[in-house]
Protein chains: 2
Amino acid sequence: MQKLTIGLFGFGVVGEGIFEVLNNTPSLCATIKKICILHPDKKRKAPGELFTSDREEILCDPEINVIVELIDDAEAALDITRAALSKGKAVVSANKKMIAEHLEELLVLQKKYGVPFLYEAAVCGSVPVIRNLEEYYDNDMLKGIRGIVNGSTNFMLSRMNAGGVSYADALCEAQQAGFAESDPTLDVSGRDALNKLVILLLHAYGTRTEPHKLLCRGISLLHPSDSVVAGERGWRIKLVATALKLKCGKVAAFVLPEFVRNPDPLFQVQNEFNGVLIESQLADQQFLFGKGAGRYPTSSAVLSDIAALRYDYRYEYRKLSSGLTPSLTQDLYLKIYVGFNSWNEVNKWDFETISEFHSTADRQYLVGTIHLEKLRNAEWFHDGSAPVILMPEGIIEKRAVLEHSLKKISLQLAGV
Amino acid sequence: MQKLTIGLFGFGVVGEGIFEVLNNTPSLCATIKKICILHPDKKRKAPGELFTSDREEILCDPEINVIVELIDDAEAALDITRAALSKGKAVVSANKKMIAEHLEELLVLQKKYGVPFLYEAAVCGSVPVIRNLEEYYDNDMLKGIRGIVNGSTNFMLSRMNAGGVSYADALCEAQQAGFAESDPTLDVSGRDALNKLVILLLHAYGTRTEPHKLLCRGISLLHPSDSVVAGERGWRIKLVATALKLKCGKVAAFVLPEFVRNPDPLFQVQNEFNGVLIESQLADQQFLFGKGAGRYPTSSAVLSDIAALRYDYRYEYRKLSSGLTPSLTQDLYLKIYVGFNSWNEVNKWDFETISEFHSTADRQYLVGTIHLEKLRNAEWFHDGSAPVILMPEGIIEKRAVLEHSLKKISLQLAGV
């Protein structure tokens, strides 16, 4: 077994947690030699001689063979990762933004320098989803993945679903409870979930993409009346990252708020928890559930990667090199709920069919089926304020199905 | 990557499934060279020249480097495994009975001959619990595992919990649906779950034991009125295998029917599904859920092991060799429900305290706290017919807690 000498970048709550556990677990054979921080004058819970603000002191130390990178800044993290891999040092990272946005380069670097780059903590914290996809579904025909992969927004939605709590209050509560960043934009816009989806696509199907190429909507436009509709039907609104292999062999992937029903396992994923539902031809449904964020869950995932490095574990990206990698498609239909106050917030002619329309004094909503590409390009969607929520079983692969089942209802509603 | 030439023992539904997938997945680089069966005259869904009824034809073939053993008979399976390992052939098995009952010998054989022996399919079918415990919780302080690990009994309990279905009818339904063996004794007695618990203990804590050393009760004594009690309180009866690290550092382990409440993740595990809840100091709760048995889930797990052999994966049993392996203890208290028709079916003086007693014209039940060792040795328990069900939060580590909280109630009830 390899002895690991670690250079740590960042010493926030996760860094502290890891320092603590490594000190108390000599069996891990891993020691932190140096910690690089931005503010050397801040008081720290570790001996002063461990700290430096000069990153070269770590990167140029030949004794250090593992870099654990836990800093917020995705660009600085990329620089560090580049430098470390090129010097033959293994890297453990939790930075989903860096990984999702620089997937290609990071794959090239790993291949070129032949050193492990592990990032289990980047997706769903303590839920070992990456390693399971990498190791376990190798032989299995993966139908799809649906995941609640962002703990902050799930905490907020749990509060909003329970009723009475507005988006603004839920955000405030999440921040007070330590589940949301002071700048929550990445979380509430869905972009954090999207970054994780990009990483999941790579390990699930070997499919490489960039975040901006996928349909993404967060939770910031949700209206209290949407929770009321969910409540009336016994549903819950969840922010779900979906990757689904269609019958044509291509993969659809997007992040959208979704109405989730019991007994969908995602229905039970509440508060700051994460859950990933994996459907495969052989194993049927599998569900992984656990804490997605926070000091100890993230530390736990990082430590697992460190432990795996002792026996030189690395992702082999077998699906990527299999030659059977499915490509992405935007050619499918979504059955969605749209809430609005007036018809100028949505263009009804974008829909193939409208199957429900409800109007009260306060608020209106429709349920309709729309082509994914049309939704993505619709001005009312990308610049507007109408909440869009995927309906249960809302993914429809073929137009023929629509025409058959929904045309009649649509015609009746054409007058709305 | 290694090329795998497989000798298969057994060609039931799982064997057929594996043959089918290997044929359709050339990227696995694994071919079945020979299949050993008991009844050579039976019609098979594979070319006749593949079959033999002479096991030496497989075991003595130097080209065959992997044995996949899928036969029912635990003794024959052990003979085959012994012979294969001693000839340097890797073995993949799904036989939990063989593994649990011959753990020590199998560990010695693996060490002696240095070949991989994988058995993910032996516990929870498609749920990758062994490999997760082996790989992922290495650095993590594991508090405990609670699992629904037997699909047949969970199917039956789901029918019985829903009300109106008796034990006998539920068993009949399970057999018709193909979820129970024609001889269901291993399942309904809890012994199948117990075998799996023995394997889980090894990979969770490195703790070795034998099935007969642990407290075990199945579902065959459950009475329709027990489901009524569960229903009244909004609970469900589940057969749960528990391994729990106590504050003293030792591990308690047993299989018992248990009243499970929402939002315990095990509450949602219905029908033939399995679920394992892992609690650890860092990662908090993690939950793995999926199909535990049947053709494809079991095939999926076996295929994962085959896929892992390509890169020479083996269990490293790191917790076993860590020197930190906790020992087992029977020194704890259980809060249990006992149903009965008359007081001669249970000895109330065995209980430390009795906190509830209910009596109707048809049936009586008590809820009381009892030392695990006393329960295990009680004649009314091991030879009697009174159903025993663990209460929610029914594990009590210290007698002091009991005395403080329950003595008063107990005194009032002493006259019952």
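Right above here is the structure, for reference.
Let us look at the structure shown here. A quick note: this is a predicted structure, and the numbers were derived from the prediction, not measured.

Helix and strand counts for chain A stand at 15 helices and 16 strands. Compactness check: chain A gives a C-alpha radius of gyration of 23 Å against a globular reference of 22 Å for 416 residues, within 12% of the reference. The principal-axis extent of the C-alpha atoms belonging to chain A is close to 75 × 45 × 35 Å. When each of the 416 residues of chain A is scored for burial, the buried share is 61%. Relative to all contacts within chain A whose residues are 6 or more apart in sequence, the contacts with residues 24 or more apart total 73%. In the structure as shown, chain A presents an accessible area of about 16500 Å², 51% of it carried by carbon and sulfur atoms.

Residue and element names in this part refer to chain A. Helix 8 (residues 167–176) packs onto helix 7 (residues 151–161) with a crossing angle of 135° between their chain directions and a minimal axis gap of 9 Å. Taken as axis vectors, helix 7 and helix 8 run oblique relative to one another. The handedness of the crossing between helix 7 and helix 8 comes out as right-handed. Between helix 7 and helix 8, the contacting residues are Phe 155, Met 156, Arg 159 and Met 160 on the first element and Tyr 167, Ala 170, Leu 171, Glu 173 and Ala 174 on the second. Classifying every residue of the contact of helix 7 with helix 8 by side-chain character gives seven nonpolar, no polar and two charged.

What follows covers the sheet that holds strand 3 (residues 51–52) of chain A. Sheet strands pair via backbone hydrogen bonds, and the direction of the pair is either parallel or antiparallel. Residues and elements named next belong to chain A. Taken together, the six strands give an open sheet; going across it, the order is 3-2-1-4-5-6, and neighbouring strands pair in parallel fashion. Both outer strands of the open sheet, strand 3 and strand 6 (117–118), are each paired with one neighbouring strand and no more. Pairing of strand 2 (residues 30–36) with strand 3, which is carried by two bridges, proceeds in the parallel orientation. Each bridged residue has a counterpart across the sheet, and for Ile 35 the counterpart in strand 3 is Phe 51.

Glancing now at the relation of the copies chain B and chain A. Structural alignment of chain B on chain A gives an RMSD of 0.0 Å, achieved by rotating through 180° and translating 0.1 Å along the axis. The transformation relating the two chain copies, once decomposed into turn and shift, fits a two-fold axis. Rotation axis and chain B: the residue whose C-alpha lies nearest the axis is Leu 288 of chain B, separated from it by 2.4 Å. In this assembly the copies share their binding face: 100% of the residues contributing to the interface of chain B also contribute to that of chain A.

What follows concerns helix 7 (residues 151–161) of chain B. Residues and elements named next belong to chain B. In terms of burial, helix 7 is largely enclosed, as ten of its eleven residues are buried. Inspection of helix 7 places Gly 151, Ser 152, Thr 153, Asn 154, Phe 155, Met 156, Leu 157, Ser 158, Met 160 and Asn 161 among the buried residues, and these make up the whole buried set. Elements in contact with the buried residues of helix 7: strand 7 (142–148), helix 8 (167–176), helix 9 (185–188), helix 11 (224–232), strand 9 (236–245) and strand 11 (273–280). Directly beyond the C-terminal end of helix 7, a positive phi value near 95° is found at Gly 163.

Cut-offs applied
- Residues numbered from 1 in each chain as written.
- Chains lettered and ligands numbered in written order.
- Predicted model: local features only at pLDDT ≥ 70, side-chain atom pairs only at ≥ 80, totals over all residues.
- Heavy atoms only, no water.
- Helix = DSSP H or I, 4+ residues; strand = E, 2+ residues; numbered from the N terminus.
- Rg over C-alpha atoms; globule rule 2.2 N^0.38 Å.
- Buried < 20%, exposed > 50% of the residue type's maximum accessible area, 1.4 Å probe, protein only.
- Contact = heavy atoms within 4.5 Å.
- Areas by Shrake-Rupley, 256 points an atom, 1.4 Å probe, with all protein chains shown as cover.
- Axes fitted to C-alpha atoms, helices over the stretch in contact; angles between N-to-C directions.
- Parallel < 35°, antiparallel > 145°, perpendicular 65-115°, else oblique.
- Left-handed = near helix turned anticlockwise from the far one by under 90°.
- Nonpolar A, V, L, I, M, F, W, Y, C, P; charged D, E, K, R; others polar.
- Pairing = 2+ DSSP bridges.
- Least-squares fit on C-alpha atoms with pLDDT ≥ 70 in both.

Remember that the coordinates give geometry; whether it matters functionally is a separate question.
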